[in-house]
Amino acid sequence: MPLNILGTLLVKGTDGIPGWEYIRSFGPLVITTISLKYYFGGVKNTWERDLHGKVYLVTGGTAGLGRSVVEELAKRGAQLILLTSTTPEENPWLVDYIDDLRNDTENILIYTEKCDLSSLYSIRKFATSWLDNTPPRRLDGVICLAGESIPIGFPRQVSIDGVERQIAINYLGHFHLLTLLSPALRVQPPDRDVQILMTTCFTQAMGDIDLNDPLWLNKRYPSKNPWRIFGSSKLMLLMFAKEFQKKIEQQPRKDNLPHNVRINIINPGIMRSPSTRRIISFGAVWGLFLYLILYPIWFIFLKSCTQGAQSYLHVLQNPKFQELKGGNLISDCKIYNTARNEPNDEEMCKQLYDKTNKMIDELEKKSAIERKKLSTKKEKESISSKNNKKDKMPLFPEKKPEKKPDSTATTNTSTTSTKPSSGSTRKRNSKK
Ligand SMILES: NC(=O)c1ccc[n+]([C@@H]2O[C@H](COP(=O)([O-])OP(=O)(O)OC[C@H]3O[C@@H](n4cnc5c(N)ncnc54)[C@H](OP(=O)(O)O)[C@@H]3O)[C@@H](O)[C@H]2O)c1
């Protein structure tokens, strides 16, 4: 077929090719569109590694980028524990999701554990139960994909501990989870390469670092440019990754062998994920219509989540990353320098780490007091409601007037609590 076309082109010229007018008009546009789509799709990972036997903890594995990463790892045989904000009992959709994932990837080793990143208590509960295992459980890595992004114009939203949600989930939650799990990471045998992958975003270049108030507890919420606070959460995550890597290396292993825990930070690029849809559509229904109308633009210029997942697969499968030191920023399967200077400022990273640690302690104490108050209040309420019930229960139930059907109806409703006694009488009578 192409030879026929070429032959016709040589013998008869372009006029001999059917539909040449259309090809001439639309051809350049189609070629440009395909080239743009190819360019913005990013680099594809070319490394393959059998992941059977490896165990990974994954945050944010239920949607968008996380879903793609989880699918790819499960196909290669890895055992995955998805840390989710709800339990399957609270959220039956989770059961279907895991079932589908197991069937599609032919891997039954996919589980969920509750670890709500917006609650320091929930994170501590999960991490403690993980650390409680003796002998320590195998852990080949923690892949941090969970994230929260609030669209423009929305008011400040806070976590259970009273911290702005984007900072709480993107930065504080992952900070708390990884620092608590660090004994489980350090204890892994020296021949195992333990990878911690964190997720950043280009908006980190717009973030602010304020060491006096890193969690934005006292600063005004920038509802007109929420990417400032989102960017700050990602920039702080990057600084945490650098400092955490240093802390792990500073503490010698018991066997005095070199450290095998590496922390890398990945920028997946902009993807057509649920969070991007929420941001572009301003979190509104009319915005969603606009998003759908402009979908061809997103389709060309934004990555699919599978394309966004390539750098994660690259780091986990390329043997180069088993030898390199951690603390790298990776995008499109390549190592980049950070756009900001703060992550390279060791003193600033340390100060931020120490300050955050201190603030977590304070927040946990505050939340524990709140929980205690709430449980005492609930206990008191349940005791008083029990007492009320007892008070209302007549010692000698009044006899029902026999000949007035109307009054029987009212007594029936007003003496519900006495029903069991009449029931028991009936039972005794029937026994007789
Ligand atoms: N989308 C982009 O273009 C883009 C660009 C650069 C970086 N990123 C980063 O890539 C990551 C994934 O982005 P995405 O667009 O795929 O996000 P997404 O579709 O909104 O998914 C977010 C994931 O985080 C989980 N999550 C949210 N709150 C949680 C909580 N309190 N506890 C536990 N899990 C929680 C969600 O699970 P549930 O909903 O089940 O709780 C969900 O699985 C994020 O870190 C994001 O910042 C995204």
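The structure this text deals with has already been given above.
Being a predicted model, the structure only gives us computed values, none of them experimental.

Peer 1: Describe in detail the overall build of the protein chain, supporting the description with residues and values.
Peer 2: Broken down by element type, the protein chain carries 16 helices and eight strands. Looking at the protein chain as a whole, 33% of its 432 residues are labelled buried. In the protein chain, the share of contacts with a sequence separation of at least 24, taken over all contacts with a separation of at least 6, comes to 76%.

Peer 1: Explain the site of the ligand to me, using residue names and the numbers behind them.
Peer 2: Around the ligand, 26 residues are found, and the nearest of them are Gly60, Gly64, Gly147, Ser273 and Ser275. Where the shell around the ligand is concerned, the elements lending two or more residues are helix H3 (64-75) and helix H8 (274-280). The class makeup of the residues in the shell around the ligand is eleven nonpolar, 13 polar and two charged.

Peer 1: Lay out the nonpolar core in plain terms, naming residues and giving numbers.
Peer 2: If you look at the biggest cluster of nonpolar residues, it comprises 77 residues, and the most contacted ones within it are Val58, Leu80, Ile143 and Tyr312. Of all the elements, helix H7 (residues 227-250) adds the most residues to this core, at eleven residues. Not counting the four nearest positions on each side in its chain, Val58 is found in contact with Gly66, Val70, Leu80, Leu82, Leu83, Ile143 and Leu145.

Peer 1: An account of the packing of helix H6 (residues 165-186) against H7 is needed here, citing residue identities and associated values.
Peer 2: Two quantities define a packed helix pair, namely the angle between the axes and the distance from one axis to the other. Close contact between H6 and H7 brings their axes to 8 Å; oriented N to C, the two are set at 15°. Put simply, H6 runs roughly parallel to H7. H6 and H7 meet at a crossing whose hand is right-handed. Residue-level inspection shows Gln166, Ile167, Asn170, Tyr171, His174, Phe175, Leu178, Ser182 and Arg186 of H6 in contact with H7, the latter providing Ile229, Phe230, Ser233, Lys234, Met236, Leu237, Phe240, Phe244 and Ile248. A class-by-class count of the residues in the contact of H6 with H7 yields eleven nonpolar, five polar and two charged.

Peer 1: Would you mind going over the sheet that holds strand S5 (residues 194-199) in detail, with residue names and values included?
Peer 2: Spatially, S3-S2-S1-S4-S5-S6-S7-S8 is the arrangement adopted by the eight strands of the open sheet, whose pairing is mixed. With one partner strand each, in any of the chains shown, strand S3 (110-114) and strand S8 (334-336) form the two edges of the open sheet. Put simply, the sheet's adjacent strands are angled 30° from each other on average, direction ignored. Running over the sheet, H7 touches S5 and strand S6 (261-267) and is turned about 170° from S6.

Peer 1: Account for H7, naming residues and giving values.
Peer 2: With 24 residues, H7 extends 34 Å from end C-alpha to end C-alpha; this agrees with the ideal 34 Å at 1.5 Å per step. Counting buried residues in H7 gives 18 out of 24 residues, a clear majority hidden from the surface.

Peer 1: Report on the pairing of strand S1 (residues 55-59), specifying residues and quantitative values.
Peer 2: Note on strand geometry: in a regular strand, side chains alternate between the two faces of the sheet. In terms of burial, S1 is a largely internal element, four of the five residues being buried. In the sheet, S1 pairs with strand S2 (residues 79-84) via five bridges, with the strands oriented parallel. Looking at the pairing, Thr59 lines up with Leu83 of S2.

Peer 1: Can you tell me about unusual backbone geometry, naming the residues and giving the values?
Peer 2: With a phi close to 60°, Asn256 is a non-glycine residue in the positive phi region. Structurally, Asn256 is set in the loop between H7 and S6. Accessibility expressed as a C-beta count within 10 Å gives 7 for Asn256, which makes it exposed. The phi angle at Phe282 is positive, at roughly 55°, despite the residue not being glycine. Structurally, Phe282 is set in the loop between H8 and helix H9 (285-293). We classify Phe282 as partly exposed; it has 16 C-beta atoms within 10 Å.

Peer 1: Pulling in residues and values, what's your account of the environment of Ile98?
Peer 2: Along the chain, the position of Ile98 falls in helix H4 (residues 93-105). For Ile98, a count of 20 C-beta atoms within 10 Å translates into the label buried. As a C-alpha pair, Ile98 and Ile108 span ten residues in sequence and 9.0 Å in three-dimensional space. In contact with Ile98, not counting residues within four places along its chain, are Ile110 and Thr112.

Peer 1: Could you give an account of helix H2 (residues 20-40), with specific residues and numbers?
Peer 2: In this model H2 runs 29 Å from its N-terminal to its C-terminal C-alpha over 21 residues, within 8% of the 30 Å that 1.5 Å per residue would give. Of all the bends in H2, the greatest, near 45°, is centred on Phe26, and the proline Pro28 appears no more than four residues after it. Among the 21 residues of H2, zero are classified as buried, and the element is accordingly described as predominantly exposed. Immediately beyond the C-terminal end of H2, within one or two residues, lies Gly42, with a positive phi of roughly 80°.

Rules behind the numbers
Residues numbered from 1 in each chain as written. Predicted model: local features only at pLDDT ≥ 70, side-chain atom pairs only at ≥ 80, totals over all residues. Helix = DSSP H or I, 4+ residues; strand = E, 2+ residues; numbered from the N terminus. Buried ≥ 20, exposed ≤ 12 C-beta atoms within 10 Å, placed from the backbone. Contact = placed C-beta atoms within 7 Å. Near = placed C-beta within 6 Å. Nonpolar A, V, L, I, M, F, W, Y, C, P; charged D, E, K, R; others polar. Core = buried A, V, L, I, M, F, W, Y, C linked by C-beta atoms within 7 Å. Axes fitted to C-alpha atoms, helices over the stretch in contact; angles between N-to-C directions. Parallel < 35°, antiparallel > 145°, perpendicular 65-115°, else oblique. Left-handed = near helix turned anticlockwise from the far one by under 90°. Pairing = 2+ DSSP bridges. Expected span 1.5 Å × (residues − 1). Bend = angle between axes of the 7 residues up to and from the residue.

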